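Chains, contacts and geometry: an overview
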There are 2 protein chains.
Amino acid sequence: MVRLTVQRQAILDLINRSNQHWDAEELARCLGENGEQLGIATVYRGLAALENAGLIQSIQLADKKRYERADKGHHDHLVCIKCGDIEEFCDNKIESRQQQVAQDRLFQMTGHQLLIFGVCQSCSNDSQESKNL
Amino acid sequence: MVRLTVQRQAILDLINRSNQHWDAEELARCLGENGEQLGIATVYRGLAALENAGLIQSIQLADKKRYERADKGHHDHLVCIKCGDIEEFCDNKIESRQQQVAQDRLFQMTGHQLLIFGVCQSCSNDSQESKNL
DNA sequence: CGGAGAATGATAACCATTATCAATATCAAC
DNA sequence: GTTGATATTGATAATGGTTATCATTCTCCG
């Protein structure tokens with residue numbers, strides 16, 4: 001049996017109150033600054049438990065896992081390779097296509113992750129400026 | 001200037017001769033068994049250099065990076081959550097849709113990675129059998 | 001040949017995450 | 001409320017993939 005303890009509630013609240021993609025470290029730090037100091041292991045376990053329960057969701061980046069609210073439903077991500085910023089987008093057409101592919105292969109799809117890498121608008125502007133110096 | 005040394009050639013050859021998705025460890029072991037013993041750091045650096053040069057390509061899984069031939073061009077992957085097996089598939093429709101999305105967002109797309117998680121046919125059959133015991 | 005730049009290999013370091021374990025909290029049944 | 005079974009916590013050690021360090025070796029151009 002899984003318990004929704006005060007520690008886990010604190011994690012869940014913080015994530016639900018924001019639109020960020022948190023990693024465990026950031027979350028622990030932010031909670032600490034708000035008087036909710038948790039052991040880092042507790043944060044990791046809490047995140048895993050909450051994700052398992054479907055209360056939060058995550059994306060697996062190259063270096064670390066990042067967690068976000070689940071109440072926005074599934075979506076995909078644009079990851080800026082310069083600043084690391086993460087934008088979100090939904091596209092039903094991509095999704096239905098994925099399911100089609102999986103079905104055709106007799107593959108029982110349980111989930112998916114689409115990351116699009118590139119340079120975000122803001123970073124793109126920055127490098128534009130530096131060229132004009 | 002980047003050099004294509006004998007060590008890197010050995011890595012490249014092995015990858016090009018196979019259709020596997022190698023991790024660094026596996027590659028080093030296999031090379032060792034074939035009389036081409038490389039330091040593990042050399043393998044990592046070689047893989048990075050080869051990928052950089054576009055001679056091989058990689059996918060980033062949760063735990064580790066896996067490398068494969070580049071001459072098949074870009075494609076996406078079905079990852080079995082039971083046995084870890086990786087199947088490949090191409091779908092131009094998904095691809096063009098991704099580019100559309102990136103363009104709409106003024107996001108300069110440089111690449112993408114689509115992983116579809118699920119249970120492969122073979123694992124699916126296995127669990128079917130165990131039910132009938 | 002000589003020398004600059006690149007690569008190698010052994011190994012230490014790094015860093016996100018998980019395992020361990022004793023202490024504590026929670027909940028259900030009495 | 002007490003008890004007991006089970007789950008969680010937190011400090012910390014351990015894990016595992018990957019990168020950094022650095023002395024040595026290789027490669028290639030002049």
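A few points on the structure. (Residues numbered from 1 in each chain as written. Chains lettered and ligands numbered in written order. Predicted model: local features only at pLDDT ≥ 70, side-chain atom pairs only at ≥ 80, totals over all residues. Heavy atoms only, no water.)

**A short note on the interface of chain A and chain B**
In plain terms, the rule: By definition, residues are in contact when any of their heavy atoms lie within 4.5 Å. As used here, buried area is the combined drop in accessible area, with a 1.4 Å probe, of two parts when they are placed together. Here, a salt bridge means any side-chain nitrogen of Lys or Arg that lies within 4 Å of a carboxyl oxygen of Asp or Glu. Each polar contact in these results corresponds to two N or O atoms within 3.5 Å; when the atoms are within protein, one needs to be able to donate a hydrogen and the other to accept it, and residues that are neighboring in sequence are counted only if both atoms are side-chain atoms. Here a helix means four or more residues in a row that DSSP labels H or I, a strand means two or more in a row labelled E, and each is numbered from the N terminus. Pairing between strands is defined by DSSP: at least two bridges between them are needed.
On the chain B side, the residues contacting the 33 residues of chain A number 33 residues. Between chain A and chain B, the buried area comes to about 3000 Å², and carbon and sulfur atoms account for 59% of it. Across the contact surface, chain A and chain B share four salt bridges. A salt bridge links Arg 97 of chain A to Asp 91 of chain B, with the nearest nitrogen and oxygen atoms 2.8 Å apart. Our enumeration of links across chain A and chain B arrives at 16 residue pairs in polar contact (both at pLDDT 80 or more). Elements that contribute at least two residues to the side of chain A that touches chain B include exactly β3 (76-80), β4 (86-89), α4 (92-104), β5 (108-119) and α5 (121-131) of chain A. No other element matches β5 of chain A, which puts twelve residues into the side of chain A that touches chain B. Direction of pairing for β5 of chain A relative to strand β5 (residues 108-119) of chain B: antiparallel, over a ladder of eleven bridges. The partner of Met 109 of chain A across the bridge, within β5 of chain B, is Gly 118 of chain B.

**Notes on helix α4 (residues 92-104) of chain B**
Defined as follows: Take the number of residues in a helix, subtract one, and multiply by 1.5 Å to get its expected span. We call a residue buried when its accessible area falls under 20% of the maximum for its residue type, exposed when it is over 50%, and partly exposed in between, using a 1.4 Å probe and counting protein chains only. Comment: arc refers to directions from the helix axis out to C-beta atoms.
Compared with an ideal rise of 1.5 Å per residue, which puts 13 residues at 18 Å, α4 of chain B spans 18 Å between its outermost C-alpha atoms and is within 8% of the ideal. All of the buried residues along α4 of chain B are Ile 94, Gln 98, Val 101 and Ala 102 of chain B. On an axial view of α4 of chain B, the arc spanned by its buried residues comes to 95°, and they lie on one face. Across α4 of chain B from its buried face, at more than 90 degrees, point the exposed residues Asn 92, Lys 93, Gln 103 and Asp 104 of chain B. Lining the buried residues of α4 of chain B we find β4, α4 and β5 of chain A together with β4 (86-89) and β5 of chain B. You can read the cap of α4 of chain B off the contacts: a side-chain oxygen lies 2.9 Å from the backbone nitrogen of Lys 93 of chain B, and it is on Asp 91 of chain B. At the C-terminal side of α4 of chain B, Leu 106 of chain B shows a positive phi close to 55°.

**Considering the relation of the copies chain A and chain B**
Here is the rule we go by: Residues reaching a pLDDT of at least 70 in both copies supply the C-alpha atoms on which the copies are superposed by least squares.
Aligned on chain B, chain A shows an RMSD of 0.0 Å; the corresponding rotation is 180° and the shift along the axis is 0.0 Å. What we have between these two chains is a two-fold relation. When each C-alpha of chain A is compared by its distance to the rotation axis, Leu 114 of chain A comes out closest, at 2.2 Å. Comparing contact sets, 100% of the residues at the interface of chain A also lie at the interface in chain B, consistent with an isologous, same-surface contact.

**Regarding the packing of helix α2 (residues 24-33) of chain A against helix α3 (residues 40-52) of chain A**
All names here are of chain A. Applicable threshold: For helices, the fitted line uses only the C-alpha atoms of the stretch in contact; every axis is such a line through C-alpha atoms, and the angle between N-to-C directions lies from 0 to 180 degrees. Should the near helix be turned anticlockwise from the far one by less than a right angle, the crossing is left-handed, and should it be turned clockwise, the crossing is right-handed. Residues are sorted three ways: Asp, Glu, Lys and Arg are charged, Ala, Val, Leu, Ile, Met, Phe, Trp, Tyr, Cys and Pro are nonpolar, and all the rest, Gly among them, are polar.
Packing of α2 against α3 leaves a shortest axis separation of 10 Å and a crossing angle of 115°. Here α2 runs over α3; the crossing is right-handed. Where α2 abuts α3, its residues Ala 24, Glu 25, Leu 27 and Ala 28 lie against Ile 40, Val 43, Tyr 44 and Leu 47. Tallied by class, the residues present in the contact of α2 with α3 amount to seven nonpolar, no polar and one charged.

Without other data, these values stay purely geometric and don't point to any function.
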